[in-house]
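Here is how the chains run, residue by residue.
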Amino acid sequence: MAITISVIKADIGSIGGHICPSERLLDAVRAHVAGKGAKLLIDHRISYTGDDVAILMTHRRGTGDAEVHRLAWDAFLAGTAVAKQQGLYGAGQDLLKDAFSGNVRGMGPAVAEMEFDERPNEPFLFFAADKTDPGAFNLPLYLAFADPMNTPGLMLAPAMAKGFRFAVMDVNHTQGDRLIELDAPEGLYEIAALLRDTERYVVESIRSRAAGEIAAVASTSRLHNIAGKYTGKDDPVLLVRVQSSFPATGEVLAPYALGAYVAGGMRGSHNMPLMPVAQDSGISYFDGPPVVSCAAFAMHEGRLTEPVDAFAHPFWNRVRDQVAAKAIEMRRQGFFGAAMLPMSELEYTGIMEKLKMLDGRFRVRVEKAGKVAETV
Ligand code: F6R
Ligand code: MG
Ligand code: MG
């Protein structure tokens, strides 16, 4: 019988601004999931990345299951109660609706779920990013699943020779899920043309074309599309199955050595490089830089091994140094040009009011018979 992996994550409050959740908050979430999830789940694991708490669950109830979603929602409510008691910043901030309505999608928390028939060995990776949005995974997924410069398996492994099918979501469309499916390698230029626009087009999932098997699923929620205003960056999660007919673990990890500039960091309004960090890492420089963690698992009949912290390896120390240098370099130009996001992506409306006020003070200059005059 098929196994489902569900990861549901939310920012429900953190210490020192947006740094990380408290131990007591995490204990409350853990206690809820362990108690109420005992019959529902096969296995689970709670972790955090920056200020976001992720509940990773395995079960046999399929994707979008109301009871599994309710479990996560209620666990976040339990954590929020502690966050309020402790005076944590942004207590319950990602729980955007008052009452649970059967599925946490569209209610604030980010969700990534996949259902599949388990292989005899089932390695997979769980990524969580903070201080950025779902477009941050566009480039790493493109490189891992479509570029032989990154992934030699596309040339070497017969099971990967047919390539992969990308489902890309238009996250600006709020009346429902607007999706397009594109095949790599034939559709590479079309895939690239969409994925370059990280604020609008986001990889939702990837399937192997040979077997039709699900390979990767990312969360696609945009909090401001739910709340109608900015409520923080969307801080995405991603599940990737690896090895055999999928890219190898190293091929999926390699793109993160780039430290690509993504939307996020201070006040969710800047371009900053994405830093690979160890599990359960907090946030620091300039409310960033945006971070990504990766826990590698093996699974048998839904039972998880202990996680292996993929970015804790010494290799990534050098990458982190390079990303820190890139972050500092970008910050040297302050608000100027590429350092900040376009108006449409800024997390604050104050600047809009400023611009509106200034707009009224503009005057159009007209020239009349060689003389310069100003109109009102
Ligand atoms: C994401 C995150 C940021 C903040 C943003 C605004 O985890 O914390 O996107 O939402 O920096 O924060 P404040 O509350 O300081 O205005
Ligand atoms: Mg936050
Ligand atoms: Mg966050």
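Throughout this document, residue positions are counted from 1 along each chain, in the order its sequence is written. Chain labels run from A onward and ligand labels from 1 onward, assigned in the order the entries are written. Where local features are concerned, this predicted model is filtered to residues with pLDDT of at least 70; where side-chain atom pairs are given and counted, the filter is 80 or more; whole-chain, interface and lining totals use all residues. Side-chain calculation: all heavy atoms of the structure are included, whereas hydrogens and water are not.

### What about the coordination of the magnesium ion (ligand 2)?
Thinking step 1. Within the protein, the magnesium ion (ligand 2) binds to Asp11 (OD) and Asp51 (OD); these donor distances fall in the range 2.1 to 2.3 Å.
Thinking step 2. Taken as a pair, the magnesium ion (ligand 2) and the magnesium ion (ligand 3) show a spacing of 3.3 Å, with aspartate 51 coordinating each metal. Taken together, the residues aspartate 11 in the loop between strand S1 (3-10) and helix H1 (23-36) and aspartate 51 in the loop between strand S2 (43-49) and strand S3 (52-59) connect sequence positions 40 residues apart. Judged on exposure class, the residue aspartate 11 and its partner aspartate 51 are both buried. Atoms are scored as donors when they are N, O or S and lie within 2.8 Å of the metal, with 3.2 Å used for Na, K and Ca; no water is included, so coordination may look incomplete. Helix numbering and strand numbering both begin at the N terminus, where a helix is a DSSP run of H or I of at least 4 residues and a strand a DSSP run of E of at least 2. Burial here depends on accessible area, computed with a 1.4 Å probe over protein chains only, as a share of the maximum for the residue type. Under 20% is buried, over 50% is exposed, and the range in between is partly exposed.

### So, the nonpolar core
Thinking step 1. Here, nonpolar core means buried Ala, Val, Leu, Ile, Met, Phe, Trp, Tyr and Cys residues that are tied together by side-chain atoms lying within 4.5 Å of each other. In this structure, Phe127, Leu141, Phe145, Phe166, Leu238, Val240 and Tyr256 are the most contacted members of the largest nonpolar core, which totals 49 residues.
Thinking step 2. Top contributing element to this core by residue count: helix H3 (residues 138-146), with 6 residues.
Thinking step 3. In contact with leucine 141, other than residues within four places in its own chain, are Ala146, Phe166, Val203, Ile206, Ala216, Leu238 and Val240.
Thinking step 4. Core analysis: the next-biggest nonpolar cluster, separate from the first, contains 30 residues, Ile8, Ala28, Leu41 and Leu88 among them. Two residues form a contact once any of their heavy atoms are found within 4.5 Å.

### Considerations on the coordination of the magnesium ion (ligand 3)
Coordination angles at a metal have ideal targets, namely 109.5 degrees for four tetrahedral donors and 90 or 180 degrees for six octahedral donors.
Thinking step 1. In the first shell of the magnesium ion (ligand 3), the protein supplies Asp51 (OD), Asp52 (OD), Asp130 (OD) and Asp235 (OD), at 2.0 to 2.3 Å from the metal.
Thinking step 2. Every donor residue of the magnesium ion (ligand 3) comes from the same chain, spaced as D-D-x77-D-x104-D.
Thinking step 3. Of the residues examined, aspartate 52 reaches a relative accessible area of 4% and is grouped as buried.

### Points about the site of ligand 1
Thinking step 1. Lining the immediate surroundings of ligand 1 are His18, Asp51, Tyr89, Asp130, Lys131, Gly232, Lys233, Asp235, Arg267, Gly268, Glu347 and Tyr348.
Thinking step 2. Polar contacts, as counted here, are pairs of nitrogen or oxygen atoms within 3.5 Å of one another; within protein the pair requires one atom able to donate a hydrogen and one able to accept it, and residues that are adjacent in sequence qualify only if both atoms are side-chain atoms. Tyrosine 89 has a polar side-chain atom sitting 2.6 Å from an oxygen atom of ligand 1.
Thinking step 3. Contacts to ligand 1 include aspartate 130, whose side-chain N or O atom sits 3.0 Å from an oxygen atom.
Thinking step 4. Note on areas: these come from Shrake-Rupley sampling with a 1.4 Å probe, and a residue is covered only by the protein chains present in the view. The protein chains hide 87% of the 410 Å² of surface that ligand 1 would expose on its own. One heavy atom within 4 Å of a molecule or strand is enough for the residue carrying it to be called near that molecule or strand.

### With respect to the sheet that holds S2
Thinking step 1. Only when DSSP finds a minimum of two bridges between them are two strands counted as paired. The 4 strands are arranged S2-S3-S1-S4 in an open sheet whose pairing can be described as antiparallel. Either end of the sheet is taken by a strand with one partner, and the two such strands are S2 and strand S4 (110-116). Averaged over all neighbouring strand pairs, the angle between strand axes comes to 10°, with direction disregarded.
Thinking step 2. Sheet topology note: the S1/S4 ladder contains 7 bridges and is antiparallel. Within the sheet, the bridge partner assigned to isoleucine 8 lies in S4 and is valine 111.
Thinking step 3. Across the sheet, H1 is in contact with S2 and S3; its angle to S2 comes to roughly 165°.
Thinking step 4. Working convention: axes come from line fits to C-alpha atoms, limited for helices to the stretch in contact. Angles between N-to-C directions cover 0 to 180 degrees. Packed onto the sheet, helix H2 (residues 66-86) meets S1, S3 and S4 and runs at close to 150° relative to S3.

### Points about empty space enclosed by the protein
Thinking step 1. Using protein atoms alone on a 1 Å grid, points that fit a 1.4 Å probe yet trap it form a cavity, whereas open point sets bounded by protein on both sides within 12 Å along at least five of seven lines form a pocket; residues with an atom within 4 Å of a point count as lining. Grid points are joined across faces, edges and corners, and a volume is the space filled by probe spheres set on the points. Under the criterion given, the structure shown has 1 cavity of 30 Å³ or more.
Thinking step 2. Taken as a whole, the largest cavity spans an internal volume of roughly 30 Å³.
Thinking step 3. Lining the largest cavity are Lys9, Tyr48, Thr49, Asp52, Ala54, Ala128, Ala129, Asp235, Pro236 and Val237.
Thinking step 4. Taken together, the elements giving at least two residues each to the lining of the largest cavity come down to S2, S3 and strand S5 (122-130).
Thinking step 5. Here the term charged refers only to Asp, Glu, Lys and Arg, the term nonpolar to Ala, Val, Leu, Ile, Met, Phe, Trp, Tyr, Cys and Pro, and the term polar to all other amino acids, Gly among them. Across the lining of the largest cavity, the residue classes tally to 6 nonpolar, 1 polar and 3 charged.
Thinking step 6. Here the limits of each domain have been adopted from an automatic or database domain assignment. Taken domain by domain, the makeup of the lining of the largest cavity includes at least three residues from each of domain 1 (1-114) and domain 2 (118-341).

### Quick look at the pattern of salt bridges
Thinking step 1. By convention in these notes, a salt bridge is any Lys or Arg side-chain nitrogen within 4 Å of a carboxyl oxygen on Asp or Glu. Scanning the model with the defined rule gives 17 salt bridges in all.
Thinking step 2. Two residues, arginine 30 and aspartate 27, come together in a salt bridge whose shortest N-O distance is 2.9 Å. With arginine 30 and aspartate 27 both in helix H1, this residue pair falls 3 residues apart, about one helical turn.
Thinking step 3. Judged by its relative accessible area of 34%, arginine 30 falls in the partly exposed class.
Thinking step 4. We note a salt bridge from arginine 200 to aspartate 170, for which the minimum N-O separation is 2.8 Å.

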